Amino acid sequence: MADSENGAPRQYRSTLREEQARQTRQRILASAFEVFSAKGYTGASLADIAAGAGVSVESVKVHGPKRALLLGAFELAFAGSAGDESLSERPEVAAIMELEDTGAFLTAMVGLIAEANARTSGLWAAFLAAAAEDAHVGDVLASLLERRHADYRRMVGLLAARGAVGTGQVDADAGQVDAGTPSDEALQNLADILSFLMSPESHQQLVQQSGWTFERYRDWLIGTVSATVAAGG
């Protein structure tokens, strides 16, 4: 039989195996999310994760050591998939970035992050605790935070290009913050501030510790971020 006749079946089998492998990884990371959130990094075991995913421990080991599973579980829960791509490359975020109205853009983007913070709050606490005890996890966390800040810098750059970022200077005649052209330093400072405001810690403190509802937290975050951007920091 000609190779062309055999190509389609081989390609189908390859595609099927890839999809099965993807689904297995998704189950393992979803299980890792539940186990790490419930038991913390130290208390979690690969056997626990394997049991939750319905696979063998050896299958779990294929997807990396515990610290890699911790990172993958966080990325999956936060953004819907594990990987080191920019947040702006995720389809739902790319769609939000196409919104031309600044108010609609900030409402959608900040709302999405607020929901992600709510989903990952328990796991984030485990991540921080593990990073304090394990230097390797600390390195993974540092890399994650670096990527997060780069995402906020891109977000600020987009807002500045739209003329939505204030300079912090008040136009006395108009009685309002002057939009102007913010400096690179000002944009960097704004990215720092937004990274802080929209960090998982804000959800932990306001919702888990202070008893706010998620809706109150989300609305506060949208309002605070919008005002901060308009003021330039």
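The following refers to the structure shown. (Residues numbered from 1 in each chain as written. Predicted model: local features only at pLDDT ≥ 70, side-chain atom pairs only at ≥ 80, totals over all residues. Heavy atoms only, no water.)

### Some words on the overall build of the chain
Phase 1 of the analysis: When helices and strands are tallied, the chain shows ten helices and two strands.
Phase 2 of the analysis: Moving toward the C terminus, one meets the helices and strands of the chain in the order α-α-α-α-α-α-α-β-β-α-α-α.
Phase 3 of the analysis: Restricting the contact set of the chain to residue pairs at least 6 apart, pairs at least 24 apart contribute 63%.
Phase 4 of the analysis: Accessible surface computed for the chain: about 12100 Å², of which carbon and sulfur atoms make up 53%. (Helix = DSSP H or I, 4+ residues; strand = E, 2+ residues; numbered from the N terminus. Contact = heavy atoms within 4.5 Å. Areas by Shrake-Rupley, 256 points an atom, 1.4 Å probe, with all protein chains shown as cover.)

### Remarks on the packing of helix 6 (residues 102–133) against helix 7 (residues 135–161)
Phase 1 of the analysis: Between helix 6 and helix 7, the least distance of the axes is 11 Å, while the angle of their chain directions is 170°. Taken together, the axes of helix 6 and helix 7 lie roughly antiparallel to each other. In this structure, helix 6 contributes Thr 102, Phe 105, Leu 106, Met 109, Ile 113, Trp 124, Phe 127, Leu 128, Ala 130, Ala 131 and Glu 133 to the contact, and helix 7 contributes Ala 135, Val 137, Gly 138, Val 140, Leu 141, Leu 144, Leu 145, Arg 148, Tyr 152, Met 155, Leu 158 and Leu 159.
Phase 2 of the analysis: Of the residues that constitute the contact of helix 6 with helix 7, the class distribution is 19 nonpolar, two polar and two charged. (Axes fitted to C-alpha atoms, helices over the stretch in contact; angles between N-to-C directions. Parallel < 35°, antiparallel > 145°, perpendicular 65-115°, else oblique. Nonpolar A, V, L, I, M, F, W, Y, C, P; charged D, E, K, R; others polar.)

### Focus on the nonpolar core
Phase 1 of the analysis: Counting residues in hydrophobic clusters, the biggest one holds 62 residues, and the most contacted among them are Phe 36, Ile 49, Leu 69, Phe 127, Leu 194, Met 198 and Val 225.
Phase 2 of the analysis: If one sorts the elements of this core by residue count, helix 6 sits on top with 13 residues.
Phase 3 of the analysis: Ignoring sequence-local partners within four residues, the contact set of Leu 69 consists of Ile 28, Leu 29, Ala 32, Phe 36, Leu 46, Ile 49, Val 60, His 63 and Gly 64. (Core = buried A, V, L, I, M, F, W, Y, C linked by side-chain atoms within 4.5 Å. Buried < 20%, exposed > 50% of the residue type's maximum accessible area, 1.4 Å probe, protein only.)

### Quick look at the packing of aromatic side chains
Phase 1 of the analysis: Applying the stated criterion across every chain yields a total of seven aromatic pairs.
Phase 2 of the analysis: Judged by centre distance (5.8 Å) and plane angle (20°), the rings of Phe 36 and Tyr 41 are stacked. As far as the burial class goes, Phe 36 and Tyr 41 line up, both buried.
Phase 3 of the analysis: Ring plane angle 40° and centroid distance 5.2 Å describe the contact between Phe 74 and Trp 124, whose orientation is recorded as tilted. Taken together, the residues span a long stretch of sequence, with Phe 74 in helix 4 (residues 66–79) and Trp 124 in helix 6 at a distance of 50 residues. Considered together, Phe 74 and Trp 124 belong to a single accessibility category, that of buried residues.
Phase 4 of the analysis: A network of ring pairs unites the aromatic residues Phe 74, Phe 78, Trp 124 and Phe 127 as a single cluster.
Phase 5 of the analysis: Between the NZ or CZ atom of Arg 216 and the centre of the ring of Trp 212, over which it lies, the distance is 3.9 Å. (Phe/Tyr/Trp six-rings, centres within 6.5 Å; stacked < 30°, edge-to-face > 60°. Lys NZ or Arg CZ within 6 Å of the ring centre and 35° of its normal.)

### A closer look at helix 7
Phase 1 of the analysis: The end-to-end C-alpha distance of helix 7, which contains 27 residues, comes to 39 Å, matching closely the 39 Å that a straight helix rising 1.5 Å per residue would cover.
Phase 2 of the analysis: Among all positions of helix 7, only Val 137, Val 140, Leu 141, Leu 144, His 149, Asp 151, Tyr 152, Met 155, Val 156 and Leu 159 are buried.
Phase 3 of the analysis: A side-chain oxygen of the first residue of helix 7 lies 2.8 Å from the backbone nitrogen of His 136; this N-cap is Asp 134. (Expected span 1.5 Å × (residues − 1). Polar contact = N/O pair within 3.5 Å; in protein donor to acceptor, adjacent residues only side chain to side chain.)

### Points about the packing of helix 4 against helix 7
Phase 1 of the analysis: Direction vectors running N to C along helix 4 and helix 7 enclose 30°, while the axes themselves pass 9 Å from each other. Our classification of the angle between helix 4 and helix 7 gives roughly parallel. Between helix 4 and helix 7 the crossing geometry is right-handed. From helix 4, Arg 67, Leu 70, Leu 71, Phe 74 and Glu 75 reach across to helix 7, where they touch His 136, Val 137, Val 140, Leu 144 and Arg 147. (Left-handed = near helix turned anticlockwise from the far one by under 90°.)

By themselves, these are just geometric observations and shouldn't be taken as functional.
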